[in-house]
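Report on the structure
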Amino acid sequence: MNVEQIKIIVDVRRYSDPRKPWVMDVTIGDTSKQVPVYHCREDSHQEEIAKEFANGKACVAFGVGLYGVAGMVADPRTKRNSEGAEIFFRAKTNRDPHAKVPIFITPRDMHQVIDFDAMHPKFAKLFSNREWRENLWRNGVSFHIVFPVPKDAHYIHPVLITTPEDLKHANKPEEQMVSVNTVSAFWWHDPDWQRIAYRAASYNPFGFAGISSFNEHKQAPAWIFNDLSTFIHQTGKCPFDMVVRDEIGEPVSVRSSHPQYRVPLKGEQAEWIVIRHGSISIDRWLKAVGSPFPARRLATATVAARATSSEKDLSELVFTVRDKTIEDYCRRHPKSAYNR
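Notes on the structure follow. Given the structure is predicted, the values throughout are model-derived calculations rather than measurements.

Attention now moves to the environment of Lys7. For Lys7, the position within the fold is in the segment before β1 (8–13). Overall, the relative accessible area of 51% leaves Lys7 in the exposed class. Distance in space between the C-alpha atoms of Lys7 and Ala301 is 42 Å, their sequence separation being 294 residues. Ignoring anything within four residues of it in the chain, the contact list for Lys7 reads Thr27, Ile28 and Gly29.

Below, the discussion takes up the packing of helix α1 (residues 43–54) against helix α6 (residues 191–203). Packing of α1 against α6 brings their axes to within 8 Å, and their N-to-C directions diverge by 40 degrees. Comparing their axes, α6 and α1 come out oblique. Both α1 and α6 take part in a crossing whose hand is right-handed. Across the interface between the two elements, Asp43, Gln46, Glu47, Ile49, Ala50, Lys51, Phe53 and Ala54 from α1 touch Asp192, Arg195, Ile196, Arg199, Ala200 and Tyr203 from α6. Of the residues in the contact of α1 with α6, the class split is seven nonpolar, one polar and six charged.

Volume-wise, the largest pocket comes out at about 1400 Å³. Among the secondary structure elements, those contributing two or more residues to the lining of the largest pocket are β5 (67–74), β7 (142–148), α5 (164–169), β8 (182–188), β9 (207–213), β11 (260–262), β12 (272–277) and β13 (295–303). When the residues that make up the lining of the largest pocket are grouped by side-chain class, the tally is 21 nonpolar, 19 polar and nine charged. A volume near 410 Å³ is recorded for the second largest pocket. Those elements giving two or more residues to the lining of the second largest pocket turn out to be α1, β4 (59–62), β5, β8, α6 and β9. Tallying contributions element by element places α6 first for the lining of the second largest pocket, with five residues. The residue inventory of the lining of the second largest pocket, partitioned by class, reads 22 nonpolar, four polar and two charged.

Once that is clear, we can look at the pattern of salt bridges. Throughout the structure, instances matching the rule amount to 24 salt bridges. Where Glu216 meets Lys237, a salt bridge forms, and the shortest distance between an N and an O atom there is 2.9 Å. Taken together, the residues Glu216 in the loop between β9 and α7 (226–235) and Lys237 in the loop between α7 and β10 (242–245) connect sequence positions 21 residues apart. Classification of Lys237 as buried rests on a relative accessible area of 16%. For the salt bridge of Arg296 with Glu271, the shortest nitrogen-to-oxygen distance reads 2.5 Å. Taken together, the residues span a long stretch of sequence, with Arg296 in strand β13 and Glu271 in the loop between β11 and β12 at a distance of 25 residues.

Time to look at the packing of α6 against helix α9 (residues 315–332). The contact between α6 and α9 brings their axes to 8 Å, and the two run at 70 degrees. Between α6 and α9, the crossing angle belongs to the class labelled roughly perpendicular. Of the residues in α9, those touching α6 at Pro191, Asp192 and Arg195 are Thr325, Ile326, Tyr329 and Arg332. Taken together, the residues that form the contact of α6 with α9 break down as three nonpolar, one polar and three charged.

Among the nonpolar cores identified, the biggest contains 90 residues, and Met24, Phe127, Phe147, Phe214, Ile232 and Trp272 are the most heavily contacted of them. Among all residues touching Phe214, those that are not within four sequence positions of it are Val60, Tyr67, Gly68, Val69, Ala91, Ala220, Pro221, Ala222, Leu228, Phe231, Pro239 and Phe240.

Another point: the environment of Met242. If you trace the backbone, Met242 turns up in strand β10. Residue Met242 is classed as buried on the basis of its relative accessible area of 2%. Separated by 36 residues in sequence, Met242 and Phe206 place their C-alpha atoms 21 Å apart. The contacts of Met242, once residues within four sequence positions are left out, are Val35, Pro36, Tyr38, Ile49, Glu52, Phe53, Lys57, Ala58, Cys59 and Val60.

This brings us to the pairing of β8. Within β8, seven of the seven residues are buried, leaving the element largely enclosed by the surrounding structure. Side chains of β8 alternate between two faces, with Thr182, Ser184, Phe186 and Trp188 and Val183, Ala185 and Trp187 buried alike. Bridge analysis of strand β6 (residues 103–104) against β8 gives two bridges, and the strand direction is parallel. Within the sheet, the bridge partner assigned to Phe104 lies in β8 and is Phe186. As judged from the seven bridges shared by β7 and β8, these two strands associate in the antiparallel manner. Bridge pairing links Phe143 to Trp187 in β8.

Once that is clear, we can look at the environment of Thr27. For Thr27, the position within the fold is in strand β2 (residues 22–28). Relative accessible area serves as the criterion here: at 17%, Thr27 is assigned to the buried category. Between the C-alpha atom of Thr27 and that of Pro221, which follows or precedes it by 194 residues, the distance is 22 Å. Beyond its immediate stretch of four places on either side in the chain, Thr27 contacts Lys7, Ile8, Ile9 and Ser32. Looking at Thr27, its side chain comes within polar contact range of the side chain of Ser32, at 3.4 Å.

Reading the values: the criteria
- Residues numbered from 1 in each chain as written.
- Predicted model: local features only at pLDDT ≥ 70, side-chain atom pairs only at ≥ 80, totals over all residues.
- Heavy atoms only, no water.
- Helix = DSSP H or I, 4+ residues; strand = E, 2+ residues; numbered from the N terminus.
- Buried < 20%, exposed > 50% of the residue type's maximum accessible area, 1.4 Å probe, protein only.
- Contact = heavy atoms within 4.5 Å.
- Axes fitted to C-alpha atoms, helices over the stretch in contact; angles between N-to-C directions.
- Parallel < 35°, antiparallel > 145°, perpendicular 65-115°, else oblique.
- Left-handed = near helix turned anticlockwise from the far one by under 90°.
- Nonpolar A, V, L, I, M, F, W, Y, C, P; charged D, E, K, R; others polar.
- 1 Å grid on protein atoms, 1.4 Å probe; cavity = no way out; pocket = protein on both sides within 12 Å on 5 of 7 lines; lining within 4 Å.
- Points joined across faces, edges and corners; volume = space filled by probe spheres on them.
- Salt bridge = Lys/Arg side-chain N within 4 Å of Asp/Glu carboxyl O.
- Core = buried A, V, L, I, M, F, W, Y, C linked by side-chain atoms within 4.5 Å.
- Pairing = 2+ DSSP bridges.
- Polar contact = N/O pair within 3.5 Å; in protein donor to acceptor, adjacent residues only side chain to side chain.

Structure representation (structure tokens):
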């Protein structure tokens, strides 16, 4: 598509009333589209976000540092949201089908996608404890963990599961190969997003959310809200139905994706395996979560996409986002557990 020959207009209608979602009017050629722009810190928006997301709307949402495209991917045994997996390929048109999508899942529900029997028993003991999982993300804030998937996980869509064959197809180095199917479980600690996720799960319990950075293949992610308009002008497409912004986290300017660890399997050493370096340094993360295990940095570990030098430590910015998020939540919910 030659976007230079197509009329593209993106106009955002902003309203002073915080309860009223903004509207992104998008015109691409002869096609027009109105996209609601919600705010994750506005309590009155959260129910609508959850409901629309549960019903299969493609969502572009701001997390800690960048916008990601997210969608509810159905249990393959049901017909609801049967096209949910296509959300990620519409955003990244050249996405390799072997490049699977991380699961966006709360620590509360994470046990549903983990094969505890395949994990190192010391790790399995900890991850089977919901409170420990929730504290891990509260202290470590934002990161992926690669888990082995139960052998009978027919309820998880294949687009969310990485197989050994996928790793071979991607020519992953030998030290990154595993003999079992895995998922990359991603979450960022955020009481507002937790509320949204719980409500979405109640509306649609027959599927899992997937999430991936919002960008065209091999391009930089959308770091800020205005980058969404840039994406539309550059690609000539608007592959999303709703936007969720965040005026608390976005100004902190983390502008980086996040680290990825793999848990050890039975027979491996009891240690985190670092697959990707990200916004929080490995040493800061281990200290923050009070890890009883060391981390083994793979020589072939990649570096997550970021707007700054890979040498810059962004850890404090990530913790700042968490602290500002909780502070704002407590202001709006003075009786919450965070105030006790």
